[in-house]
Amino acid sequence: MSLTIHRRHMLHSAVLGCGALALPSIWWRPGVLAEELTVTPSMTEGPFFPDRLPLDTDNDLLIINDGITPAVGEITHLSGRVLSKAGEPIRNALVEIWQVDGNGSYLHSRGANPENGRRRDANFQGYGRFLTDREGRYYFRTIKPVPYPGRTPHIHLAVSQGSERLLTTQMLVKDESANERDGLFRAIREAKQRAALVAEFRPVAESKIGELEASFDMVLGHTPQDQH
């Protein structure tokens, strides 16, 4: 079922002490047999994880605090689940994302895009976080990623529980031609692992403003419970 979500219809909930967009009401795919799950490959955090977090760290990267001017870009509803290798949902996991704005600049003191006049979109949050629910689900409203010099379009993601980082990875755009020229993506040889790192960006049904939706599940190689 397609997402038909608009900001004015979203409920708000408290996440990490900040207001956050609630999970959209959508249908989730049935569980997959454990032997069919592919662990999401790790990818580098990169040099541009924010060196100073914004005051607003909720899961809506298009609006900062109570601003009324949205960020520039193709509005994207990004959702998915965090799962164990056995297909069990990981609840209360902290999912973080960070990515470039519509100008290709990161929220980092050295992350401005030199190929675009080092411009930044002051209305783009650049970073967000969300705690998974009991089904392991997360949700962000952001923009479709654009290239950064030398890289294919991508979104960075990290999953943590407590003080332990469980996964650091990147999500790429399915069928993006620049993927095959991306050194980090090319270093991953196995087809299943490559497929676990890409997501299809589909038009949201009935959206009058060209919104997109993307689903990206993350399967963890280990969880804190594995150590007990």
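What you are looking at is a predicted structure, and each value in this text was computed from that prediction instead of being measured.

**Regarding unusual backbone geometry**
- Notably, asparagine 65 is not glycine yet its phi reads approximately 50°, a positive angle.
- Mapped onto the elements of the fold, asparagine 65 is located in the loop between β2 (18–21) and β3 (75–83).
- When its relative accessible area of 44% is taken as the criterion, asparagine 65 is described as partly exposed.
- Backbone geometry at aspartate 175 places phi at a positive 65°, although glycine is not the residue there.
- Here aspartate 175 lies in the loop between β8 (164–173) and α1 (183–186).
- In this structure aspartate 175 comes out as exposed when scored by relative accessible area, which is 73%.

**Let's talk about the pattern of salt bridges**
- Inspection of the entire model under this criterion finds seven salt bridges.
- Glutamate 135 serves as the salt-bridge partner of arginine 81, at 3.6 Å between the closest nitrogen and oxygen. Here glutamate 135 lies in the loop between β5 (127–131) and β6 (137–143) and arginine 81 lies in strand β3, a separation of 54 residues in the sequence.
- Aspartate 182 serves as the salt-bridge partner of arginine 151, at 2.6 Å between the closest nitrogen and oxygen. In this pair, arginine 151 sits in the loop between β6 and β7 (154–161) while aspartate 182 sits in the loop between β8 and α1, placing the two residues 31 residues apart along the sequence. Of the two residues, arginine 151 and aspartate 182, both sit in the buried class.

**Things to note about the pairing of β8**
- Of all 10 residues in β8, eight are buried, a share of seventy percent or more.
- Note that β7 and β8 share eight bridges and pair antiparallel. Note that in β8 the partner of glutamine 161 across the bridge is glutamate 164.
- Taking the residues that link successive antiparallel strands as the turn, the β7-β8 hairpin has two residues, and the phi of glycine 162 there is positive, at about 60°.
- In terms of strand pairing, β8 meets strand β9 (residues 198–199) through two bridges, oriented parallel.

**Quick word on the side chain of histidine 77**
- Of note, histidine 77 is situated in strand β3.
- Of note is the side chain of histidine 77, whose polar atom sits 2.6 Å from the side chain of tyrosine 139.

**Digging into the nonpolar core**
- Core analysis: the largest hydrophobic core is formed by 29 residues, its most contacted members being Tyr138, Leu157 and Met218.
- Every element with two or more residues in this core is listed here: β3, β4 (94–98), β6, β7, β8 and β11 (212–215).
- When residues in this core are grouped by element, the largest group, four residues, is from β8.
- Contact partners of leucine 157, with chain neighbours within four places excluded, come to Val95, Glu96, Ile97, Trp98, Tyr138, Leu167, Thr168, Thr169, Gln170, Met171, Phe216 and Met218.
- Phe48, Trp98, Tyr106 and Ala158 belong to the second largest nonpolar core, which has seven residues in total.

Rules used in this analysis
Residues numbered from 1 in each chain as written. Predicted model: local features only at pLDDT ≥ 70, side-chain atom pairs only at ≥ 80, totals over all residues. Heavy atoms only, no water. Helix = DSSP H or I, 4+ residues; strand = E, 2+ residues; numbered from the N terminus. Buried < 20%, exposed > 50% of the residue type's maximum accessible area, 1.4 Å probe, protein only. Salt bridge = Lys/Arg side-chain N within 4 Å of Asp/Glu carboxyl O. Pairing = 2+ DSSP bridges. Polar contact = N/O pair within 3.5 Å; in protein donor to acceptor, adjacent residues only side chain to side chain. Core = buried A, V, L, I, M, F, W, Y, C linked by side-chain atoms within 4.5 Å. Contact = heavy atoms within 4.5 Å.

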